[in-house]
Protein chains: 2
Amino acid sequence: MADNRARSRAQIPDPTLLRLCRYLRILERTDDGTISSAEIAEAAGVNAAQVRKDLSFFGEFGQPGVGYHPKDLLASLKLMMGLDEELEVVVVGAGALGSALINYPGFENRGFRVVAVFDNNPAKVGHRLRGYEVMAFDRLGEIIADHDVSLAIISVPRVSAQEVAVALIEAGIKGILNFAPVNLKVPEGVVVRSVDLTLQLETLAYYLRD
Amino acid sequence: MADNRARSRAQIPDPTLLRLCRYLRILERTDDGTISSAEIAEAAGVNAAQVRKDLSFFGEFGQPGVGYHPKDLLASLKLMMGLDEELEVVVVGAGALGSALINYPGFENRGFRVVAVFDNNPAKVGHRLRGYEVMAFDRLGEIIADHDVSLAIISVPRVSAQEVAVALIEAGIKGILNFAPVNLKVPEGVVVRSVDLTLQLETLAYYLRD
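Residues numbered from 1 in each chain as written. Chains lettered and ligands numbered in written order. Predicted model: local features only at pLDDT ≥ 70, side-chain atom pairs only at ≥ 80, totals over all residues.

A.B. asks: Looking at this model, I keep getting lost on the interface of chain A and chain B. Mind explaining?
C.D. replies: One frequent convention defines the size of an interface as the accessible area lost when the parts assemble. At the interface, 46 residues of chain A touch 46 residues of chain B. Broken down by element, the residue count for the side of chain A that touches chain B peaks at twelve residues, all from helix α10 (residues 197-208) of chain A. In terms of residue class, the side of chain A that touches chain B is made up of 27 nonpolar, eleven polar and eight charged. (Contact = placed C-beta atoms within 7 Å. Helix = DSSP H or I, 4+ residues; strand = E, 2+ residues; numbered from the N terminus. Nonpolar A, V, L, I, M, F, W, Y, C, P; charged D, E, K, R; others polar.)

Below you can see the structure in the form of C-alpha cells.
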C-alpha cells in the first residue's frame, strides 16, 4: 500500500500536478456540451498537446475530434486526485495572514473546510476569530485526532514554524501548506508545500531591474 | 536596452531565481565570519553543488575552501537581482487577503513598501484600512504615475482580475503578483507571478489520497 502510493507519487511530476489543478478550475466553469483540449489549453495558458499529455497520466479521456465532457472529466480527475470529498484542515497561526486564510473563499468553494484555529498568543487564545475559537497549541493533538485531520496550514512566524510542524506531525498531520519563510524538515511520508509570498515579489523585482 | 534585459531574463531559469531568493534569506540571518556552500545548501534544503551552480549565474563568489563572506555575497546578489533599494508596490483588492497583504511583515522587512490600496467596493472606498485610505480604481493611473510604481499585487475576485490587470498595465505597472485564480493575459514586457493558494492545498490532497 505504502509502496503503491510512493510509486504513484513519483509518476506525476509536480508541474503536471499544478496544471491539472488549473484544468479542474476551468472544467468547473464550463457548462454542458464538450470542451476541447485546445479550449482548456487556451484558458490555462498552455498548449493543447500539453493538456492531452497531462490528462494521459490518469488514463484515456475524451474522444478525438469530439473533445471532453467537462462534468465527466471533472469527476474523474477529482476522484483520482483525492478531491472527490470534503477535506478538513487546521490553521496554526492566527495573525493577519492566518485570519485571511481562515475564511478564504477559495478554500471552502473547493472542498476544504477549516475545522480549528490555533495560536499561542495569550491575547488570542479563547477569543473568537471569524467564527472560530482560537485554541492554544496544547490542544493540537486532541483536535486533530478527534477530527482525523490530515492537512494543516502553518501561518506562524518563521522562528516558530519548525516547532509547530513537529507538533502537527506528531498529532498525525500528513500534509502541510507552509507560509513561513523557512525550509521545514519533515519525515518521510509527510508532504510540505511552501508558499513564500515575499519571494514571489523578489523574483518580480529581478525581471524589472534596469 | 530591451534586448539586454530580455537576454538576461532568459539566462536565469525560474527555479534558480527562486532558490537565489531563498539564499538571500539565509545570508541575511548569518552573522559575520564565513558561510560555506554546504551550509547554505543545508538551510535551503538543496545540495552544495546546486548552490555553487546557482551563484555562478552572477559570477565568481567566495574562495574555495574558505567559503563566502555572507554580507558581501548578500550585497552583491541584492544588487544583481534588483533588490538593493526599496521597491514600492500598490495593492488592488482590499478583502481579507488584500488586508493581510497590506501589512504583511515579510514585505516591509524585505524592502517592499505598499504605497496605496485600491478597491471598488463603495463600502470600502474612502475608509481607512490598516493605515491606508482605500481608493477607487479610477485613481490607479494618477497614484501609479505620481509614485512611479512598477509593482502591483492583485487580490480581487477572479472575475475582476483581468480587467484590473489591464488598468494596472495601462497605468505603467510592469510586474504583477496575482492572487486571483485565473491565467492573466498580459502584453510582452509585463511579468506576472500567480500564487493560487487553493491549488497548493489541492496538490497536497493528491499526495494524501488513499
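A.B. asks: How do you make sense of the domain arrangement of chain A when you look at a structure like this?
C.D. replies: For chain A, the assigned domains read domain 1 (2-80) and domain 2 (87-200). For domain 1 of chain A and domain 2 of chain A, the distance between their C-alpha centres works out to 29 Å. (Domains from an automatic or database assignment.)

A.B. asks: In this structure, what is going on with the environment of K124 of chain B? I would like to understand it.
C.D. replies: Residues and elements named next belong to chain B. As for its placement among the helices and strands, K124 is situated in the loop between β2 (112-118) and β3 (128-129). Residue K124 is classed as buried on the basis of its C-beta count, with 20 C-beta atoms lying within 10 Å. As a C-alpha pair, K124 and D32 span 92 residues in sequence and 47 Å in three-dimensional space. With residues near it in sequence (within four places) discarded, K124 still touches A94, D119 and V134. (Buried ≥ 20, exposed ≤ 12 C-beta atoms within 10 Å, placed from the backbone.)

A.B. asks: What am I meant to see in the pairing of β2 of chain B here?
C.D. replies: Along a regular strand, successive side chains alternate from one face of the sheet to the other. All names here are of chain B. Within β2, five of the seven residues are buried, which leaves the element mostly enclosed by the surrounding structure. In the sheet, strand β1 (residues 87-92) pairs with β2 via six bridges, with the strands oriented parallel. The residue bridging V89 from the neighbouring strand is V114, located in β2. Here β2 pairs with strand β4 (residues 132-135) via two bridges, running parallel. (Pairing = 2+ DSSP bridges.)

A.B. asks: Looking at this model, I keep getting lost on helix α2 (residues 14-28) of chain B. Mind explaining?
C.D. replies: For an α-helix, 3.6 residues make a turn, and residues three or four places apart therefore share a direction. The end-to-end C-alpha separation of α2 of chain B is 22 Å, in line with the 21 Å expected for 15 residues at 1.5 Å each. Here α2 of chain B has its buried residues at R19, L20, C21, R22, Y23, R25, I26 and L27 of chain B. Its buried side turned inward, α2 of chain B meets α10 of chain A together with α3 (37-44), α4 (48-56) and α5 (70-80) of chain B. (Expected span 1.5 Å × (residues − 1).)

A.B. asks: Can you help me understand unusual backbone geometry in this one?
C.D. replies: Peptide bonds are trans in most cases, and residues, glycine excluded, mostly fall at negative phi. The backbone of R130 of chain A sits at a positive phi, close to 50 degrees, despite the residue not being glycine. Along the chain, R130 of chain A falls in the loop between β3 (128-129) and β4 (132-135).

A.B. asks: How should I be thinking about the sheet that holds strand β6 (residues 175-178) of chain A in this particular structure?
C.D. replies: Think of a sheet as strands paired side by side through backbone hydrogen bonds, with each pair either parallel or antiparallel. Spatial strand order, β3-β4-β2-β1-β5-β6-β7 (chain A): seven strands in an open sheet with mixed pairing. One side of each edge strand has no neighbouring strand; the edge strands of this open sheet are β3 and β7 (191-194) of chain A. Note that strand β5 (residues 151-154) of chain A and β6 of chain A share four bridges and pair parallel. Bridge pairing in β6 of chain A places I153 of chain A opposite L177 of chain A. Across the sheet, helix α10 (residues 197-208) of chain B is in contact with β1 (87-92), β2 (112-118), β5, β6 and β7 of chain A; its angle to β6 of chain A comes to roughly 160 degrees. (Axes fitted to C-alpha atoms, helices over the stretch in contact; angles between N-to-C directions.)

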